[in-house]
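# Secondary and tertiary structure notes
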Amino acid sequence: MTVTLTLIAVTGFISIIALYVNPKVMELGMLRPYRTVRNGTWYEIITSGFLHAGIGHLLVNLFVLFFFGVVIEQTLGIYHYLALYFSGLAFSAIPSLVRHRENPNYATLGASGAVESILFSFIFLYPTEKIVIILLPIPIPAWIFGIMFLLYSVFESKRERGNVNHEAHIAGAVWGVLYMIFFIPNSLDHILTLFGLI
């Protein structure tokens, strides 16, 4: 829980500084694939995860991180938890880096990719746990929520509307599952046993 609260505090502090005190923090820290690739400012992959476009964006990410991060931190331990979080940030940046590396006007920011990695690691470990969506206050099994979320994200990414980086959400979600399979011993057996497949 300590690491999760620290991530929330640091992310909130830096985001508020960038939004209301020093806009240069925002400009220097956001991920601009065109700049990143040409100038070698690869630190943006991480720093962009500590910046947000507004208070609403910030609060949603921190809300999700708190409720699922605490559980995953306790389940995986501090080192795996941090590795999952920061590798999730990096992995979720790949679609933006590939797709927008020739676009000097494109920029993205937010902890969403890392938060989705945490969320989907939770779904992978606890697929039958109930998740309640604020807009639909009915308990839904985590695995059904995960499928619904991915379908929605794929649909919205193809529509290419608004400023939400749905591709980062998808990549972060996929990484949350892949991390569990590749780096957490017996996690796949856990799932197969849970569903009575072994």
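Presented here is an overview of the structure given in this document. As the structure is a prediction and not an experimental result, all values here were calculated from the model.

## With respect to the pattern of salt bridges
- For the structure shown, the criterion picks out five salt bridges.
- Among the salt bridges present, the one from Arg-99 reaches Glu-167, with a minimum N-O distance of 2.5 Å. One end of the pair, Arg-99, is in helix H6 (residues 78–99); the other, Glu-167, is in helix H9 (residues 166–183), and 68 residues separate them in sequence.
- One salt-bridge network, in which partners are shared between bridges, spans Glu-27, Arg-32, Arg-35 and Glu-44.

## Brief notes about the packing of aromatic side chains
- Scanning all chains against the criterion turns up twelve aromatic pairs.
- A ring pair is formed by Phe-68 and Phe-122, whose centres lie 4.9 Å apart and whose planes are at 70 degrees; its orientation type is edge-to-face. One end of the pair, Phe-68, is in helix H5 (residues 55–76); the other, Phe-122, is in helix H7 (residues 112–125), and 54 residues separate them in sequence.
- Taking relative accessible area as the criterion, Phe-122 reaches 8% and is therefore assigned buried.
- An angle of 25 degrees between the planes, with centres 4.9 Å apart, marks the rings of Phe-91 and Trp-175 as stacked. One end of the pair, Phe-91, is in helix H6; the other, Trp-175, is in helix H9, with 84 residues separating them in the sequence.
- With a relative accessible area of 13%, Trp-175 lands in the buried category.
- Joined through ring pairs, the aromatic side chains of Phe-91, Trp-175, Tyr-179 and Phe-183 make up one cluster.

## With respect to a nonpolar patch on the surface
- A grouping of Met-1, Leu-5, Phe-63, Phe-66, Phe-67 and Ile-134 is seen on the molecular surface, where their side chains present a nonpolar patch of about 600 Å² in accessible area.
- For the nonpolar patch, the leading source of residues is H5, giving three residues.
- Note on placement: Phe-66 falls in helix H5.
- Since its relative accessible area comes to 31%, Phe-66 is described here as partly exposed.

## What to know about H7
- A rise of 1.5 Å per residue sets the reference length of H7, with its 14 residues, at 20 Å; its end C-alpha atoms lie 20 Å apart and thus fit the reference within 8%.
- For H7, the tally of buried residues reaches 14 of 14 residues, placing the bulk of the element in the interior.

## Concerning the nonpolar core
- Membership of the largest hydrophobic core comes to 34 residues, with the highest contact counts inside it found for Leu-65, Ile-72, Tyr-85, Ile-118 and Ile-131.
- Those elements that provide at least two residues to this core are helix H1 (2–21), H5, H6, H7, helix H8 (142–159) and H9.
- Ranked by residue count, the leading element in this core is H7, at nine residues.
- What Ile-72 contacts, discounting residues up to four positions off in sequence, is Gly-77, Tyr-81, Leu-84, Ile-118, Ser-121, Phe-122 and Leu-125.

How each quantity is defined
Residues numbered from 1 in each chain as written. Predicted model: local features only at pLDDT ≥ 70, side-chain atom pairs only at ≥ 80, totals over all residues. Heavy atoms only, no water. Salt bridge = Lys/Arg side-chain N within 4 Å of Asp/Glu carboxyl O. Helix = DSSP H or I, 4+ residues; strand = E, 2+ residues; numbered from the N terminus. Phe/Tyr/Trp six-rings, centres within 6.5 Å; stacked < 30°, edge-to-face > 60°. Buried < 20%, exposed > 50% of the residue type's maximum accessible area, 1.4 Å probe, protein only. Patch = residues over 30% accessible without salt bridge, like charges linked within 9 Å, V, L, I, M, F, W, Y side chains within 5 Å. Areas by Shrake-Rupley, 256 points an atom, 1.4 Å probe, with all protein chains shown as cover. Expected span 1.5 Å × (residues − 1). Core = buried A, V, L, I, M, F, W, Y, C linked by side-chain atoms within 4.5 Å. Contact = heavy atoms within 4.5 Å.

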